[in-house]
Amino acid sequence: MPGHTENEVVIDAPLDLVWEVTNDLDHWPQLFSEYASVEVMEREGNRTVFRLTMYPDENGRVWSWVSERVADRAALTVTARRVETGPFQYMNIRWEYEQTPRGVRMRWTQDFAMKPDAPVDDEWMTGNINRNSPIQMDLIRNKIEQRARLGGTSKDSAAPVTAV
């Protein structure tokens, strides 16, 4: 059965700052703890094709893949899909942003299926994503809230996000 995950976090920071920082792909290695590098391969309007490379896993294996991401600022959504699927039959991700009285709710929805010969199945990957997404979301929230407290604006988004 295909995998489906939904995770969210509320970030106490201005919407423009949250949007700009989380969509600044060039600085994702400073925003996420799991990405060693990002290589932007193509940019056309709101569409970006890029390669993400993770840090080596516990077995020393480095995972890397190409994704396509389309940002819709007016709708406060981003859709992404893996172009190089690796062990996935498919992987589709949707990011949604919503202004709330407590801050900006950022929600990640992932729909995927693993290939039959993948080293893990859909159930394992669902659990892995549901364990890891909250960790990454907490890191992102803390970094953006720190920037907001220090007076950072969306114009500062080109600056790397410092570790907390």
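Our subject is the structure listed above.
Draft legend 1. Representation of the nonpolar core within the structure. W28, Y97 and M106 are the most contacted members of the largest nonpolar core, which has 28 residues in total. Considering every element that reaches this core, the biggest residue donor is helix 1 (residues 15–22), with five residues. The next biggest cluster of nonpolar side chains, apart from the first, holds seven residues, and it includes M91, M114, M125 and I129.

Draft legend 2. Summary view of the packing of aromatic side chains. Under the criterion given, the structure shown has eleven aromatic pairs. Geometrically, the ring pair formed by W28 and W95 is stacked, given 5.7 Å between the ring centres and 5 degrees between the ring planes. With W28 in helix 2 (residues 28–31) and W95 in strand 6 (residues 88–100), this pair connects stretches of sequence that are 67 residues apart. In this structure W95 comes out as buried when scored by relative accessible area, which is 5%. Members of the aromatic cluster, joined through ring pairs, are W19, W28, F32, Y35, F50, W65, W95, Y97 and W108. Directly above the aromatic system of W63 lies the positively charged group of R61, at a separation of 3.9 Å from the ring centroid.

Draft legend 3. Quick peek at the pattern of salt bridges. The tally for this structure, following the rule as stated, stands at 13 salt bridges. Between R43 and D26 there is a salt bridge, with its nearest N and O atoms 2.9 Å apart. Placement of the pair is R43 in strand 2 (residues 35–44) and D26 in the loop between helix 1 and helix 2, with a sequence separation of 17 residues. As a salt-bridge pair, R47 and E42 come within 2.7 Å of each other at their nearest N and O atoms. Among the charged side chains, a salt-bridge network with shared partners connects E6, E8, R94, E96, E98, R105 and R107.

Draft legend 4. Focus on the layout of surface pockets. Size it by volume and the largest pocket reaches roughly 950 Å³. Taken together, 37 residues make up the lining of the largest pocket; nearest its centre are E34, M54, W65, R82 and N128. Every element with two or more residues in the lining of the largest pocket is listed here: strand 3 (47–54), strand 4 (64–72), strand 5 (77–82), strand 6, strand 7 (103–114) and helix 3 (122–149). Ranked by the residues each element gives to the lining of the largest pocket, the list is headed by helix 3, at seven residues. Of the residues assigned to the lining of the largest pocket, the class counts are 22 nonpolar, nine polar and six charged. A volume near 210 Å³ is recorded for the second largest pocket. What lines the second largest pocket is simply W19, N23, L25, R43, G45, N46, T48, R69, V70 and A71. Residues of the lining of the second largest pocket, tallied by class, amount to four nonpolar, four polar and two charged.

Draft legend 5. Main features of the sheet that holds strand 7. Pairing in this open sheet of seven strands is antiparallel, and the strands run 1-7-6-5-4-3-2 from one edge to the other. At either margin of the open sheet sits one strand with a lone partner, and together these are strand 1 (3–11) and strand 2. Shown here is a sheet whose adjacent strand axes are inclined to one another by a mean of 20 degrees, direction ignored. One ladder, built from twelve bridges, connects strand 6 with strand 7; its direction is antiparallel. Bridging across to strand 7, Y97 finds its partner in M106. Contacting strand 1, strand 4, strand 5, strand 6 and strand 7, helix 1 crosses the sheet at an angle of about 160 degrees to strand 6.

Draft legend 6. Representation of unusual backbone geometry. One non-glycine residue, L76, lies in positive phi territory at about 55 degrees. You can see L76 is positioned in the loop between strand 4 and strand 5. Residue L76 is classed as buried on the basis of its relative accessible area of 16%.

Parameters at a glance
Residues numbered from 1 in each chain as written. Predicted model: local features only at pLDDT ≥ 70, side-chain atom pairs only at ≥ 80, totals over all residues. Heavy atoms only, no water. Core = buried A, V, L, I, M, F, W, Y, C linked by side-chain atoms within 4.5 Å. Buried < 20%, exposed > 50% of the residue type's maximum accessible area, 1.4 Å probe, protein only. Helix = DSSP H or I, 4+ residues; strand = E, 2+ residues; numbered from the N terminus. Phe/Tyr/Trp six-rings, centres within 6.5 Å; stacked < 30°, edge-to-face > 60°. Lys NZ or Arg CZ within 6 Å of the ring centre and 35° of its normal. Salt bridge = Lys/Arg side-chain N within 4 Å of Asp/Glu carboxyl O. 1 Å grid on protein atoms, 1.4 Å probe; cavity = no way out; pocket = protein on both sides within 12 Å on 5 of 7 lines; lining within 4 Å. Points joined across faces, edges and corners; volume = space filled by probe spheres on them. Nonpolar A, V, L, I, M, F, W, Y, C, P; charged D, E, K, R; others polar. Pairing = 2+ DSSP bridges. Axes fitted to C-alpha atoms, helices over the stretch in contact; angles between N-to-C directions. Contact = heavy atoms within 4.5 Å.

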